[in-house]
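Each chain is listed here by its residues.
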Amino acid sequence: RSVCACTKVAPRAQVCVSSRSVSTVKSPNGLIHLPGCGCALCAGGRSLKGKPVSERELSTAAQPSASNRGVVYMAPGVVEVKPIDFPKLELDSTSSPVASERQKRKCEHGAILKVVTTNICGSDQHMVRGRTSLPGGYMVLGHEITGEIVEVGRDVEFMKEGDLCSVPFNIACGRCPACKRGDTGVCLFVNPARAGAAFGYVDMGGWVGGQAEYVMVPYADFNLLKFPDKDRAMEKIADLTLLSDIFPTGFHGAKQAGVEPGSIVYVAGAGPVGLACAASCHLLGAACVIVGDAIPTRLAQARSFGCETIDITSDGDLAHKIHAITGSPDVDCAIDCVGFEARGSGASGGEKPAQVLNDCMGIIREGGQIGIPGLYVTEDPGASTEAAQLGSLNMTFGLAWSKSASMHTGQCPVMKYHRPLMNAIMHDKVRIAEAVNAKIISLDDAPLGYQNFDQGESVKYVMDPHGVTGKVQALG
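Note that the coordinates shown come from a computational prediction; the quantities given were computed from them, not determined experimentally.

A. Region of interest: the overall build of the protein chain. Per the secondary structure count, the protein chain includes 16 helices and 19 strands. Within the span of the protein chain, comprising 476 residues, buried residues form 55% of the whole. When contacts within the protein chain are restricted to residue pairs at least 6 apart in sequence, long-range pairs at least 24 apart make up 68% of them. As displayed, the protein chain offers around 19200 Å² of accessible surface, 50% of which is attributable to carbon and sulfur atoms.

B. Main features of the environment of Leu 375. Structurally, the position occupied by Leu 375 is in the loop between strand E16 (364–371) and helix H12 (386–389). Leaving out residues up to four positions away in the same chain, Leu 375 has contacts with Ser 123, His 126, Tyr 201, Gly 339 and Phe 340.

C. Here's a closer look at the packing of aromatic side chains. As enumerated under the stated definition, the model contains two aromatic pairs in all. Ring centres of Phe 86 and Tyr 214 lie 4.7 Å apart, and the angle between their planes is 50°; on these two criteria the pair is classed as tilted. With Phe 86 in the loop between strand E4 (78–83) and strand E5 (90–92) and Tyr 214 in strand E10 (residues 214–217), this residue pair connects regions lying 128 residues apart in the sequence. Of the two residues, Phe 86 and Tyr 214, both sit in the buried class.

D. Highlighting the pairing of strand E13 (residues 288–293). Across the six residues of E13, six count as buried, placing the element largely inside the fold. Across five bridges, strand E12 (residues 264–268) lies against E13 in parallel orientation. Counterpart to Ala 268 in the pairing with E13 is Gly 292. Between E12 and its parallel partner E13, the chain crosses via helix H8 (residues 272–283), and the hand of that crossover is right-handed. Crossover connection from E13 via helix H9 (residues 296–303) to parallel strand E14 (residues 308–311): handedness right-handed.

E. Local environment of the sheet that holds E16. Spatially, E14-E13-E12-E15-E16-E17 is the arrangement adopted by the six strands of the open sheet, whose pairing is parallel. Both edges of this open sheet fall to E14 and strand E17 (406–408), since each of them pairs with a single strand only. Averaged over all neighbouring strand pairs, the angle between strand axes comes to 20°, with direction disregarded. In this sheet, E17 lies alongside E16 in parallel orientation, the contact comprising three bridges.

F. Geometry of the nonpolar core. With 71 residues, the main nonpolar core has Leu 243, Val 259, Val 267, Cys 281, Ile 335 and Ile 432 as its most contacted residues. Of all hydrophobic cores here, the second largest spans 33 residues; its members include Ala 111, Ile 112, Ala 172 and Cys 173.

G. Structural context of a nonpolar patch on the surface. A surface patch of nonpolar side chains, about 370 Å² in accessible area, is lined by Met 395, Phe 397 and Trp 401. Within the secondary structure, Met 395 is located in the loop between H12 and helix H13 (397–402). Residue Met 395 is classed as partly exposed on the basis of its relative accessible area of 31%.

H. Representation of the pattern of salt bridges. Counted by the stated rule, this structure contains 17 salt bridges. Lys 82 is the salt-bridge partner of Glu 80, the closest N and O atoms lying 3.6 Å from each other. Residue Glu 80 is classed as partly exposed on the basis of its relative accessible area, which comes to 33%. Residue Asp 163 is joined to Lys 160 by a salt bridge in which the shortest nitrogen-to-oxygen separation is 3.2 Å. Residues joined by salt bridges that share partners form a network here, namely Arg 129, Arg 131, Glu 341 and Asp 454.

I. Representation of the packing of helix H7 (residues 246–256) against H8 within the structure. Interhelical geometry of H7 versus H8 gives an angle of 60° and a closest axis separation of 7 Å. Between H7 and H8, the angle is such that the two are oblique. Crossing of H7 against H8: the hand is right-handed. Of the residues in H8, those touching H7 at Ile 246, Phe 247, Thr 249, Gly 250, Phe 251 and Ala 254 are Pro 272, Val 273, Ala 276, Cys 277, Ser 280, Cys 281 and Leu 283. Among the residues forming the contact of H7 with H8, the class breakdown is ten nonpolar, three polar and no charged.

J. The arrangement of H9 in detail. Within H9, burial applies to Arg 298, Leu 299, Gln 301 and Ala 302. Taken down its axis, H9 places every buried residue within 155° of arc, on the same side. Here the buried face of H9 lies against H8, E13, E14, helix H15 (432–436) and helix H16 (446–454).

K. Structural detail: helix H10 (residues 318–326). Taken together, the buried positions of H10 are Leu 318, Ala 319, Lys 321 and Ile 322. Around the axis of H10, the buried residues are gathered within 160° of arc, so they sit on the same side. Looking at H10, the residues exposed on the side facing more than 90 degrees away from the buried face are His 320 and Ala 324. For H10, the secondary structure elements touched by its buried residues are E12, E13, E14, strand E15 (331–336) and helix H11 (355–363). Between the side-chain oxygen at the start of H10 and the backbone nitrogen of Ala 319 there is a gap of 2.9 Å, and the oxygen is on Asp 317.

L. Spotlight on the state of the cysteines. Overall, the coordinates contain zero disulfides when judged by the stated rule. For the unlinked cysteine Cys 173, the closest cysteine sulfur is that of Cys 187, found at 3.5 Å. Taking relative accessible area as the criterion, Cys 173 reaches 3% and is therefore assigned buried. Its sulfur unpaired, Cys 337 is 4.0 Å from the next cysteine sulfur, which belongs to Cys 277. Taking relative accessible area as the criterion, Cys 337 reaches 12% and is therefore assigned buried.

M. Looking closely at the confidence of the model for the protein chain. Residue-level pLDDT values for the protein chain average 87, and 85% of them are 70 or greater. Taken as a whole, residues 1–65 scores under 50 in pLDDT and shows 138 contacts with residues more than four places along the chain or in a different chain.

The rules behind each value
- Residues numbered from 1 in each chain as written.
- Predicted model: local features only at pLDDT ≥ 70, side-chain atom pairs only at ≥ 80, totals over all residues.
- Heavy atoms only, no water.
- Helix = DSSP H or I, 4+ residues; strand = E, 2+ residues; numbered from the N terminus.
- Buried < 20%, exposed > 50% of the residue type's maximum accessible area, 1.4 Å probe, protein only.
- Contact = heavy atoms within 4.5 Å.
- Areas by Shrake-Rupley, 256 points an atom, 1.4 Å probe, with all protein chains shown as cover.
- Phe/Tyr/Trp six-rings, centres within 6.5 Å; stacked < 30°, edge-to-face > 60°.
- Pairing = 2+ DSSP bridges.
- Right-handed = clockwise from strand over helix to strand, strands pointing away.
- Axes fitted to C-alpha atoms, helices over the stretch in contact; angles between N-to-C directions.
- Core = buried A, V, L, I, M, F, W, Y, C linked by side-chain atoms within 4.5 Å.
- Patch = residues over 30% accessible without salt bridge, like charges linked within 9 Å, V, L, I, M, F, W, Y side chains within 5 Å.
- Salt bridge = Lys/Arg side-chain N within 4 Å of Asp/Glu carboxyl O.
- Parallel < 35°, antiparallel > 145°, perpendicular 65-115°, else oblique.
- Left-handed = near helix turned anticlockwise from the far one by under 90°.
- Nonpolar A, V, L, I, M, F, W, Y, C, P; charged D, E, K, R; others polar.
- Arc of directions from axis to C-beta.
- Polar contact = N/O pair within 3.5 Å; in protein donor to acceptor, adjacent residues only side chain to side chain.
- Disulfide = S-S within 2.5 Å.
- pLDDT = per-residue confidence, 0-100.

Quick look at the structure:
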């Protein structure tokens with residue numbers, strides 16, 4: 001039978017993702033629709049547009065009278081800080097305009113956090129640029145969250161009020177086969193549409209984002225990383241806030257690519273993830289880390305902590321540029337920290353989604369490995385070609401095959417790395433905030449932070465919604 005995945009009766013079957021409970025009503029294509037289904041067929045042509053954000057029951061309210069504000073995507077290039085509901089220990093995304101992420105569930109296993117820091121990520125920019133299926137005026141953004149617990153659900157055993165915690169960007173249940181393998185980036189039980197979920201991201205389960213004053217985190221005992229010494233953690237909060245995503249993601253890309261002591265490494269992209277990856281390569285003992293980018297200030301930031309750099313806008317083949325640095329045209333490890341909005345090389349290089357993948361396949365040595373933490377999507381409405389709009393890219397895959405090169409993709413399973421990386425920070429083995437040039441700003445300055453970041457500024461923007469870090473810098 002083809003039934004709704006949320007029933008868990010036949011989770012691998014083709015289903016109507018808008019449905020919510022068991023039924024035997026079938027549509028002409030044989031798909032079973034369940035009572036309360038909000039799809040076009042069951043709605044009889046009614047509009048599927050969600051409620052405006054001001055009316056949406058976002059996911060929360062331990063204290064119904066308490067206020068909350070969050071950063072909301074309004075339209076391509078536009079985000080606003082708006083009043084939103086205070087978190088409850090539940091999720092209700094059934095009014096989402098994105099049908100695939102509609103679900104409703106109690107979350108007594110969750111915790112409500114007062115957000116201490118929350119970061120702007122390059123992945124957020126893909127949505128804000130209009131390069132995903134997300135409509136405006138609905139979603140609270142933000143998946144990089146650090147916060148203090150203010151309430152726990154009745155099923156939470158080990159976390160308590162007052163704990164200061166890092167929140168992995170990927171939401172995981174801790175119970176499914178994927179989580180038990182350690183593949184928390186592809187949890188099977190937190191997203192009705194596909195494996196894997198995240199806070200504040202389109203098609204990732206409808207979970208409310210954390211660029212806000214308060215946020216609810218489900219499966220708190222499993223997901224949250226408590227900082228053992230709260231006072232020391234606050235001293236290093238600019239570093240520790242990066243544990244929610246970009247530091248583990250950059251480290252994961254380096255591990256995927258097989259970086260080890262003595263490795264020669266090429267990192268494509270000098271944005272925050274690329275810089276975190278380059279710092280991770282140094283932490284892992286790489287002999288030479290080469291970072292390629294088109295923006296001079298980002299390349300200068302990479303050089304500030306010992307990387308070699310390549311300006312991809314300059315004329316010449318990438319392999320020749322690498323040869324000029326190392327004496328060899330190939331590298332042991334290559335890491336794509338750019339993703340699907342890649343651009344061609346040379347002064348006139350336009351957008352070419354597969355450019356970095358093809359570059360990596362061209363420069364990797366025989367038997368080498370390519371890590372791909374850069375984001376690739378199944379739908380890109382802003383792509384220049386019809387194929388790319390469907391996530392189909394023009395890759396020179398045969399070249400990689402002929403070299404016996406390995407390619408590794410997918411979300412970083414943050415929990416695999418965040419505790420050891422926390423220890424590296426606390427014991428001064430890495431200064432990741434300096435590497436990515438972290439700058440703490442207010443929540444109200446989020447729109448300007450997004451604007452500056454989109455223009456290529458070499459800064460990792462970290463928002464402090466309550467002013468508790470004492471390190472907030474105003475943006476002009």
